[in-house]
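One letter stands for each residue in the lines below.
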Amino acid sequence: MELRDIEIFLTLAQELHFGRMAERLHVSVAAVSKAIKKQERSHRRRALRP
């Protein structure tokens, strides 16, 4: 797990919105989705639940 992935996850937890979080960190929503999926695979469980 990379530091940027952790930063993305923590910021998403604060914002509770992919678009606002992506804007705040100056990344694309696709990059956010990719980072979350990477964390889910590394922990073998879903990081976010609907």
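Residues numbered from 1 in each chain as written. Predicted model: local features only at pLDDT ≥ 70, side-chain atom pairs only at ≥ 80, totals over all residues. Heavy atoms only, no water.

J.: Kindly report on the pattern of salt bridges, identifying the contributing residues and their values.
T.: This model, assessed by the stated rule, comprises 5 salt bridges. Of the charged contacts, one joins E15 and R20 as a salt bridge, the two residues approaching to 3.6 Å between their closest N and O atoms. For E15, a relative accessible area of 22% translates into the label partly exposed. Among the charged side chains, a network of salt bridges with common partners joins E2, D5 and K38. (Salt bridge = Lys/Arg side-chain N within 4 Å of Asp/Glu carboxyl O. Buried < 20%, exposed > 50% of the residue type's maximum accessible area, 1.4 Å probe, protein only.)

J.: Please set out helix α1 (residues 3-15) residue by residue, giving values where relevant.
T.: Between its first and last C-alpha atoms α1 spans 18 Å; for 13 residues at 1.5 Å apiece the expected length is 18 Å, and the two agree. Packing partners of the buried residues in α1 comprise α2 (18-25) and α3 (29-43). (Helix = DSSP H or I, 4+ residues; strand = E, 2+ residues; numbered from the N terminus. Expected span 1.5 Å × (residues − 1). Contact = heavy atoms within 4.5 Å.)

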